[in-house]
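This is what each chain is made of:
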Amino acid sequence: GSDGLFFPMSLSSVAIVFFLLAAVCYGDESSVTVLADADFDAKISSGVWFVKFYAPWCGHCVNLAPTWEKLGAELKGKVNVAKVDCTVNQDIKDRMEVAAYPTLKIIVDGQSYAYTAGGRDLESLVKFAEGGYKEGTPQKTRPGSFGYGQAHPEGD
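Model, not experiment: these values are computed from the prediction. (Residues numbered from 1 in each chain as written. Predicted model: local features only at pLDDT ≥ 70, side-chain atom pairs only at ≥ 80, totals over all residues. Heavy atoms only, no water.)

(A) Looking closely at the layout of surface pockets. Estimated volume of the largest pocket: approximately 290 Å³. Around the largest pocket sit 14 residues that line it, and Y115, A117, F128, G132 and E135 are the ones nearest its centre. Among the secondary structure elements, those contributing two or more residues to the lining of the largest pocket are β5 (111-114) and α5 (122-129). A per-element tally of the lining of the largest pocket places α5 first, with three residues. Of the residues in the lining of the largest pocket, the class split is six nonpolar, six polar and two charged. (1 Å grid on protein atoms, 1.4 Å probe; cavity = no way out; pocket = protein on both sides within 12 Å on 5 of 7 lines; lining within 4 Å. Points joined across faces, edges and corners; volume = space filled by probe spheres on them. Helix = DSSP H or I, 4+ residues; strand = E, 2+ residues; numbered from the N terminus. Nonpolar A, V, L, I, M, F, W, Y, C, P; charged D, E, K, R; others polar.)

(B) A look at the pattern of salt bridges. Per the counting criterion, the structure on display carries five salt bridges. The partner of R95 in a salt bridge is D41, and the shortest N-O contact between them spans 2.5 Å. In this pair, R95 is assigned in helix α4 (residues 90-95) and D41 in helix α2 (residues 40-44), connecting sequence segments 54 residues apart. K83 is paired through a salt bridge with E69; the nearest N and O atoms lie 3.7 Å apart. Placement of K83 in strand β3 (residues 80-85) and of E69 in helix α3 (residues 59-75) is noted, with a sequence separation of 14 residues between them. Both residues of the pair, K83 and E69, count as buried. (Salt bridge = Lys/Arg side-chain N within 4 Å of Asp/Glu carboxyl O. Buried < 20%, exposed > 50% of the residue type's maximum accessible area, 1.4 Å probe, protein only.)

(C) Focus on the sheet that holds strand β2 (residues 49-54). Ordered in space as β1-β3-β2-β4-β5-β6, the six strands form an open sheet in which the pairing is mixed. Each having just a single partner strand, β1 (32-34) and β6 (139-140) make up the two edges of the open sheet. As defined by bridge partners, β2 adjoins β3 across six bridges and the pair is classed as parallel. For K52, the partnering residue across the bridge sits in β3 and is K83. (Pairing = 2+ DSSP bridges.)

(D) Main features of the pairing of strand β4 (residues 103-108). Counted residue by residue, β4 has six buried out of six residues, so it is predominantly covered. Burial along β4 is two-sided: the residues T103, K105 and I107 and L104, I106 and V108 are all buried. Where β4 meets β5, four bridges bridge the pair, whose relative direction is antiparallel. Each bridged residue has a counterpart across the sheet, and for V108 the counterpart in β5 is Q111. Between β4 and β5, which pair antiparallel and follow one another directly, the connecting turn spans two residues, one of which, D109, has a positive phi of 50°.

(E) Examining the environment of N80 more closely. With respect to the helices and strands, the residue N80 is situated in strand β3. Residue classification places N80 among the partly exposed residues on the basis of a relative accessible area of 30%. Spatially, the C-alpha atom of N80 lies 9.0 Å from that of I44, the residues being 36 residues apart in sequence. Not counting chain neighbours up to four residues away, the residues in contact with N80 comprise S46, G47, V48, W49 and F50. (Contact = heavy atoms within 4.5 Å.)

(F) Broad picture of the state of the cysteines. Enumeration according to the criterion identifies zero disulfides in this entry. Looking at C86, it has no disulfide partner, and the nearest cysteine sulfur is the one in C61, 8.6 Å off. (Disulfide = S-S within 2.5 Å.)

(G) Spotlight on the confidence of the model for the protein. Taken as a whole, the protein shows an average pLDDT of 80; of its residues, 72% reach a score of 70 or greater. Mean pLDDT values over the elements of the protein span from 48, in helix α1 (residues 3-26), up to 98, in β2. With pLDDT under 50 throughout, residues 14-29 is counted as low confidence; its partners more than four residues away or in other chains account for six contacts. The low-confidence segment residues 145-156, where pLDDT is below 50, has ten contacts with residues more than four positions distant or belonging to other chains. (pLDDT = per-residue confidence, 0-100.)

Take a look at the structure:
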């Protein structure tokens, strides 16, 4: 009878609610840009970038991941938040002088500022990204050994 009609409806309603909750809880993943050897130079050439250089097997990196996702959502439209898997992007790892994981750096106007002081909590990271990095000593970023970014200046 009519009871059979309500069961599928309530099931799909539950599915929709679950989907919406998942989108709200996990949707901010897209606010962290994944950078790779092939597009690194082109992407960081404009704007302010806060980049996490990590390895998937690193426990501290895994622990930082949820905070990094929140940071991306918090800084959206102000600072570009990104991550680089150094196990597959050796060129960037070497150029950015990544010696430990995770390494966190602000990159702006061809200079990088290492995040060395402060906790790995959201508030400390936001403060650094929104200008605290200017108190640090900048390092020049080295161009890619394969000329990535320069080969396609039109943003190809």
